[in-house]
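A structural walkthrough
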Amino acid sequence: MPTQPFSETLFEQFCSRHGIPCKPIPTRLVRTPDFAIRLDGVTVICEVKQIDPNAEDLAELQAVSSDEATGRFVPNRLRGKLKDVSGQLKTACLSGHPTMLVVYDNTPFKMYSVHLDVVQAMFGAHSVTMTTPKEGGAVPIVSEPFFDTNRGVTPRQNTSVSALAILDSGSLSELKLRLYHNPYASVVLPPELLEALPVEQYVIPGATTVRL
């Protein structure tokens with residue numbers, strides 16, 4: 001029997017600690033979500049994923065452990081988790097249930113779940129445009145920052161995901177969720193269902209502007 005991923009174990013611990021009914025969804029031939037939870041009488045369907053260390057992460061950890069200087073470009077691995085989940089939550093969405101993608105960063109440095117990466121995974125690369133005036137020697141004009149390409153959620157993409165939640169852990173008592181509502185969700189996850197829990201809601205339903 002396959003070992004339960006650490007992310008799922010932590011999520012069940014989070015729910016148990018805070019009195020949230022949490023029921024595993026039986027595995028079928030087609031891909032199914034992981035859990036159904038109850039929040040104030042509302043069933044929320046959850047898919048739990050984790051980001052595991054890759055070769056670059058392990059090499060960096062070894063370098064740091066050996067007191068070697070190290071540095072590299074850190075890709076946005078969260079975006080792939082978001083783009084891969086919509087099909088698993090579609091049936092729940094069509095049934096009128098709010099849904100939640102829960103992601104746990106299982107890497108040593110937790111570098112893939114920082115706020116900026118979450119926002120860019122959802123809304124696109126944080127970008128600026130630079131315009132050089134025709135007059136020679138003039139200072140280039142830099143635009144206000146905006147979200148550009150590679151969006152994970154749009155009015156036509158991943159609308160079955162009501163919210164993206166990052167599961168943060170220290171000790172068991174410090175387990176908490178950072179929640180980012182999908183402004184384009186077909187079914188909204190009401191924010192008030194989570195107000196009594198250790199959940200920080202960084203993006204509310206319908207909001208497309210985000211503080212970085």
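Refer to the structure above for everything that follows.
Anyway, here's the lowdown on the structure attached to this text. Owing to the predicted nature of the structure, the values given are computational and were not obtained by experimental measurement. (Residues numbered from 1 in each chain as written. Predicted model: local features only at pLDDT ≥ 70, side-chain atom pairs only at ≥ 80, totals over all residues. Heavy atoms only, no water.)

With respect to the overall build of the chain
Across its full length, the chain carries five helices and 11 strands. When each of the 212 residues of the chain is scored for burial, the buried share is 43%. Contacts in the chain between residues at least 24 apart in sequence constitute 61% of all its contacts with a sequence separation of at least 6. Accessible area for the chain stands at about 11500 Å²; split by element, carbon and sulfur atoms hold 54% of it. (Helix = DSSP H or I, 4+ residues; strand = E, 2+ residues; numbered from the N terminus. Buried < 20%, exposed > 50% of the residue type's maximum accessible area, 1.4 Å probe, protein only. Contact = heavy atoms within 4.5 Å. Areas by Shrake-Rupley, 256 points an atom, 1.4 Å probe, with all protein chains shown as cover.)

Some details on the side chain of Glu8
With respect to the helices and strands, Glu8 occurs in helix α1 (residues 6-17). Buried within the structure, Glu8 lacks any salt-bridge partner; Lys49 is the closest side chain of opposite charge, at an N-O distance of 8.4 Å. (Lys, Arg positive; Asp, Glu negative; His and termini not counted. Salt bridge = Lys/Arg side-chain N within 4 Å of Asp/Glu carboxyl O.)

Some points on the pairing of strand β10 (residues 176-181)
Here β10 lies mainly inside the structure; five of its six residues are buried. Where strand β9 (residues 163-168) and β10 come together, six bridges link them in antiparallel fashion. Residue pairing across strands places Ile166 opposite Arg178, the latter belonging to β10. Strand direction decides the pairing type here: β10 and strand β11 (residues 199-203), joined by four bridges, are parallel. Across the sheet, Arg178 pairs through a bridge with Glu200, a residue of β11. (Pairing = 2+ DSSP bridges.)

Considering the sheet that holds strand β1 (residues 22-24)
Strands pair in a sheet through their backbones, by hydrogen bonds, and they do so in one of two ways: parallel or antiparallel. With mixed pairing, seven strands are arranged side by side in an open sheet as β1-β2-β3-β4-β9-β10-β11. At either end of the open sheet lies a strand with only one pairing partner, and these are β1 and β11. With direction set aside, neighbouring strand axes in the sheet form an average angle of 30 degrees. Sheet topology places β1 next to strand β2 (residues 35-39); three bridges connect them, and they run antiparallel. Residue pairing for β2: Pro24 is matched across the bridge by Phe35. Together, β1, β2, β3 (42-51), β4 (99-105), β9, β10 and β11 form the strand contacts of α1, whose direction differs from that of β3 by roughly 145 degrees. Where helix α4 (residues 86-94) meets the sheet, it contacts β3 and β4, and its direction lies at approximately 175 degrees from that of β3. (Axes fitted to C-alpha atoms, helices over the stretch in contact; angles between N-to-C directions.)

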